[in-house]
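Listed here are the chains, written in short residue letters.
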Amino acid sequence: PRIIWQTHYKVIDRANAVIAAAEKMEGIDEAKRNEFIAVGKAFRANSLFVLWRMFNNVFIRTTPATPDNAFDVIEKPSTKEEILNMINSDLDAGIEHLEWTAEPGRMTKAICHHLKAKVALWQEEWKVAADNADAVINSGFYELMDAPAKVFAGDRNHKESLFVMQLDESAAGGGRPHFMGMNFQVAYQRVQGAKFSADQGGRGFSFMYPNDYLLDMFDPEDTRLTSYFRTKYYYNDPDNLPDGVELGDQIIIPKTGPTRDKYYAYIHPACMKYYDDEIPPDAALSYKNIIVYRLAETHLIAAEAYMNLMNQNMAVKRISPLQIRAGVEPIFSVSPLAILKERARELAFEGHRWYYLKRTGQLLYQIQHFAGDDDFKNEARGNIQDYMINLPIPQSELDLLGPNYPQNEGY
């Protein structure tokens, strides 16, 4: 929680600094001034939206930090109405003054429309959500990749991507490495007869896996199952094969009984969305760019909005391209359950699930019934409490706020 809180308030502060500087600049074209201000406001809106959904009790800050105001005390959180009004106002500025496309990593009109649609879902303003999602889909500047395997290939700066974190070493400031690929990859190479291989996903920490609840949602013909995940591992070390095993045989470890832990840590299906195929298989650090928002989510936002507007024709029109691309039969009516499942299949491990379940009131139920797997790491099912839908405000940050600033309930 501390990193999330500090990072996004730092973004908000830098955005406020950009806005303040642009407002005071002399001899600048007004269109360019408005563009600079809109960029700052778009970043501010995005970070405030993240903070509000994570913590609920957050505050609005519109002035940059200076030596004179650095220790000003915030006495109370902003109201939900104030926060959503600020976010929407900032996004409106981006929609008005930014272009549809920009250099990768920059804010655009498309990102602002996409975010405006997401905010509208929280407000249950279904037409606003549909209109803003459609604005992106119909803009002519973005389209779905023609196969799931292409979505997370290369540098991710393609026609489906709306906003991509630029982490390549050539990016401004030298880029920033991460361990995302390793976090989601299992340590299959610990099995006798297996070694680091790009074909099998490279080095892994065995930290996070898709559980059976998610994997069981996929039709066997769904190409996302083999594009977004690695489901099988093979013996590939000719000098270290176990007795009776041949090179290329599939590694099979039972997922129950005394070998259960090895199954989950060594060959459990792994998410490949953050895998970097441009580094050595045994490397840890990656500079692979990370997709934050993409058009597939825009389609799902539109489908949900049209479903709530009782327009099944448009709801189906928006969701079916994802299913057709994945090679499965499209559905002919859209329900809340269909949205729940399609979001899980398409957007797994991209950072949207928590927010979606919280917004729709399903977070506690889903964790209590489906966290972990039935036979492994399901402690969350019994430990989750009602108040945990909001993260705790870090005590180090609470100490800097007013004495009456409320900690979130339960902490």
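Further up the page is the structure itself.
About the thresholds
Residues numbered from 1 in each chain as written. Predicted model: local features only at pLDDT ≥ 70, side-chain atom pairs only at ≥ 80, totals over all residues. Heavy atoms only, no water. Axes fitted to C-alpha atoms, helices over the stretch in contact; angles between N-to-C directions. Helix = DSSP H or I, 4+ residues; strand = E, 2+ residues; numbered from the N terminus. Left-handed = near helix turned anticlockwise from the far one by under 90°. Contact = heavy atoms within 4.5 Å. Nonpolar A, V, L, I, M, F, W, Y, C, P; charged D, E, K, R; others polar. Expected span 1.5 Å × (residues − 1). Buried < 20%, exposed > 50% of the residue type's maximum accessible area, 1.4 Å probe, protein only. Polar contact = N/O pair within 3.5 Å; in protein donor to acceptor, adjacent residues only side chain to side chain. Salt bridge = Lys/Arg side-chain N within 4 Å of Asp/Glu carboxyl O.

So, the packing of helix α4 (residues 109-123) against helix α11 (residues 295-308)
So, point 1. Taken N-terminus to C-terminus, the directions of α4 and α11 make an angle of 35 degrees; their axes are 10 Å apart at the nearest point. For α4 against α11, the interelement crossing comes out left-handed. For the pair α4 and α11, contact is made by His114, Ala117, Lys118 and Leu121 and by Glu297, Thr298, Ile301, Glu304 and Ala305, respectively.
So, point 2. Class assignment for the residues of the contact of α4 with α11 results in four nonpolar, two polar and three charged.

Side note on the environment of Gly402
So, point 1. Summarising the element assignment, Gly402 is placed in the segment after α17 (395-398).
So, point 2. Along the backbone, Gly402 and Glu75 are 327 residues apart, and their C-alpha atoms lie at a distance of 4.5 Å.
So, point 3. Those residues within four positions of Gly402 in sequence are excluded, and the remaining contacts are Val73, Ile74 and Glu75.

Points about helix α3 (residues 80-97)
So, point 1. For α3, which comprises 18 residues, the first-to-last C-alpha distance of 26 Å matches the rise-based estimate of 26 Å (1.5 Å per residue) to within 8%.
So, point 2. Listed in full, the buried residues belonging to α3 are Ile83, Leu84, Met86, Ile87, Asn88, Asp90, Leu91, Ala93, Gly94 and Ile95.
So, point 3. Here the buried face of α3 lies against α2 (30-55), α4 and α5 (126-137).

Re the side chain of Asn408
So, point 1. By the secondary structure assignment, Asn408 is in the segment after α17.
So, point 2. Taking relative accessible area as the criterion, Asn408 reaches 3% and is therefore assigned buried.
So, point 3. Excluding residues within four positions of it along the chain, Asn408 makes contact with Phe55, Asn57, Asn390, Leu391, Pro392 and Ile393.

Quick look at α2
For an α-helix, 3.6 residues make a turn, and residues three or four places apart therefore share a direction.
So, point 1. The end-to-end C-alpha distance of α2, which contains 26 residues, comes to 37 Å, matching closely the 38 Å that a straight helix rising 1.5 Å per residue would cover.
So, point 2. Between the side-chain oxygen of the N-cap and the backbone nitrogen of Ala31 there are 3.0 Å, and the N-cap of α2 in question is Asp29.
So, point 3. Positive backbone phi, approximately 70 degrees, marks Asn56, located one or two places after α2.

Some details on the pattern of salt bridges
So, point 1. This model, assessed by the stated rule, comprises 29 salt bridges.
So, point 2. Arg325 is the partner of Glu160 in a salt bridge, and the nearest nitrogen-oxygen pair spans 2.5 Å. On the criterion of sequence distance, the pair formed by Glu160 in the loop between α6 (148-151) and β1 (161-165) and Arg325 in helix α12 (residues 312-325) is long-range, its members being 165 residues apart.
So, point 3. Of the charged contacts, one joins Lys288 and Glu278 as a salt bridge, the two residues approaching to 3.6 Å between their closest N and O atoms. Taken together, the positions of Lys288 in the loop between β3 (270-271) and β4 (290-294) and Glu278 in the loop between β3 and β4 put the pair ten residues apart, joining distant regions of the chain.
So, point 4. Among the ionic contacts, a cluster of salt bridges with common partners joins Glu160, Asp222, Arg224, Lys273, Arg294, Arg325, Glu342, Arg345, Glu346 and Glu350.

Concerning the environment of Lys159
So, point 1. Mapped onto the secondary structure, Lys159 falls in the loop between α6 and β1.
So, point 2. Lys159 sits 14 residues away from Met145 along the chain, and the two C-alpha atoms are 7.0 Å apart.
So, point 3. Beyond its immediate chain neighbours, meaning those up to four positions away, Lys159 contacts Phe141, Tyr142, Glu143, Leu144 and Met145.

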